[in-house]
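Reading the structure
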Amino acid sequence: MSHRNPPNRPSEPDSPHPHDPPGKPRLPASLRRVPVQERSAERLTRILDACAGVLDEVGYEELTTRAVARRASVPIGSVYRFFGNKRALMDALAHRNLDAYAERVAARVRGVDRGDWRGAVDAAFDEYLDMKRTVPGFGLVDFGVPSAPDAMPDANVQVAERVAALLADHLGSPLDERLRRTVLVGVEAVDAVLQLAFRGRPSGDPDLVEEARTLLHAYFARSLD
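Okay, so let's go over this structure. (Residues numbered from 1 in each chain as written. Predicted model: local features only at pLDDT ≥ 70, side-chain atom pairs only at ≥ 80, totals over all residues. Heavy atoms only, no water.)

1. Considerations on the overall build of the protein
For the protein, the helix and strand inventory stands at eight helices and zero strands. A buried classification covers 49% of the 225 residues belonging to the protein. At a minimum sequence separation of 6, the contacts of the protein that also span at least 24 residues come to 72%. Accessible surface, the protein as shown: approximately 11100 Å² in total, 51% of it carbon and sulfur. (Helix = DSSP H or I, 4+ residues; strand = E, 2+ residues; numbered from the N terminus. Buried < 20%, exposed > 50% of the residue type's maximum accessible area, 1.4 Å probe, protein only. Contact = heavy atoms within 4.5 Å. Areas by Shrake-Rupley, 256 points an atom, 1.4 Å probe, with all protein chains shown as cover.)

2. A look at the packing of aromatic side chains
All chains considered together, the criterion is met by eight aromatic pairs. Their ring planes at 50 degrees and their centres at 6.2 Å tell us that F82 and F83 sit as a pair that is tilted. Assessed through its relative accessible area of 2%, F82 is described here as buried. A relative accessible area of 1% means that F83 is categorised as buried. Three or more aromatic residues joined by ring pairs make a cluster, and in this case those are Y101, Y128, F138 and F143. We note K86 situated over the ring of Y60; from NZ or CZ to the ring centre the distance is 4.6 Å. Sitting over the face of the ring of F198, K132 holds its NZ or CZ atom 5.3 Å from the ring centroid. (Phe/Tyr/Trp six-rings, centres within 6.5 Å; stacked < 30°, edge-to-face > 60°. Lys NZ or Arg CZ within 6 Å of the ring centre and 35° of its normal.)

3. Considerations on unusual backbone geometry
One non-glycine residue, S73, lies in positive phi territory at about 60 degrees. Topologically, S73 is positioned in the loop between α2 (65-72) and α3 (76-82).

4. Some details on the packing of helix α1 (residues 38-58) against helix α4 (residues 86-109)
As a packed pair, α1 and α4 sit with axes 10 Å apart at the nearest point and diverge in direction by 100 degrees. It follows from the interaxial angle that α1 and α4 lie roughly perpendicular. Residues T45, I47, L48, D49, C51, A52 and L55 of α1 pack against L89, M90, A92, L93 and R96 of α4. (Axes fitted to C-alpha atoms, helices over the stretch in contact; angles between N-to-C directions. Parallel < 35°, antiparallel > 145°, perpendicular 65-115°, else oblique.)

5. Here's the deal with helix α5 (residues 117-134)
For an α-helix, the turn length of 3.6 residues means that residues three or four places apart are oriented alike. The terminal C-alpha atoms of α5 lie 26 Å apart, and with 18 residues this matches the ideal 26 Å at 1.5 Å per residue to within 8%. When you tally the buried positions in α5, you get 13 out of 18 residues, the bulk of the element. At the N-terminal boundary of α5, the capping side chain belongs to D116, with an oxygen 3.3 Å from the backbone nitrogen of R118. (Expected span 1.5 Å × (residues − 1). Polar contact = N/O pair within 3.5 Å; in protein donor to acceptor, adjacent residues only side chain to side chain.)

6. Quick look at the nonpolar core
Soluble globular proteins tend to bury their nonpolar side chains together. Among the nonpolar cores identified, the biggest contains 38 residues, and Y101, F125, F143, V183 and L194 are the most heavily contacted of them. When contributions to this core are tallied by element, the ones reaching two or more residues are α4, α5, α6 (155-171), α7 (177-197) and α8 (206-224). The element best represented in this core is α5, accounting for nine residues. Excluding its chain neighbours within four sequence positions, the residues that come into contact with F125 are Y101, V190, L194, V209, A212, R213 and L216. Counting 27 residues, the second-largest nonpolar core is a separate cluster that includes C51, L55, A72 and V145. (Core = buried A, V, L, I, M, F, W, Y, C linked by side-chain atoms within 4.5 Å.)

7. Some thoughts on the pattern of salt bridges
One pass over the full model with this rule turns up 13 salt bridges. If you follow the salt bridges from partner to partner, you end up with R104, R108, E127 and D130 in one network. (Salt bridge = Lys/Arg side-chain N within 4 Å of Asp/Glu carboxyl O.)

Here is the structure:
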């Protein structure tokens, strides 16, 4: 579900604490200044929204902070007040995507019968597909910056931790190493298949998408049935 990134940055700021509630938002380490006032928070949101829109239009390599500032209708200094460079900007967008994903999956899971792990897994899978197809910028930067050595550490680990916490809560089971490992392997495997499914097809190859779902169900059944 993410682009692989070498974990060259210390992982502590991004790593979930074991007692954090599922889906708890965490500020990216790349953010220079934490917005305190509502006006500042709104400006940060506009900058990230603009970044996602420009990203869809020109791609990661051609995106510039100046273009983002123009799209957001803010001075270039406002961008640099929050971000040191475009990689930091992308990192923050990836974090926002992850927080939004966790919140949206949690909302979907609330409509699934307690104990129904297949329904919960489908909720996480379907929400990722919806965001991939509809959220600006998500198709290029979902939860990690492509080939950025200073991006947040292995984004799939972060995704798996959020999903495992939601699944444990839904099933009323402990968030132990076995569940964490099962979800991480599932995320990694599905990531590879979905990259293939969306290669050259913005909405994804439907047959490959369903193969990914089948793979998830078969693998999770070994631990959760």
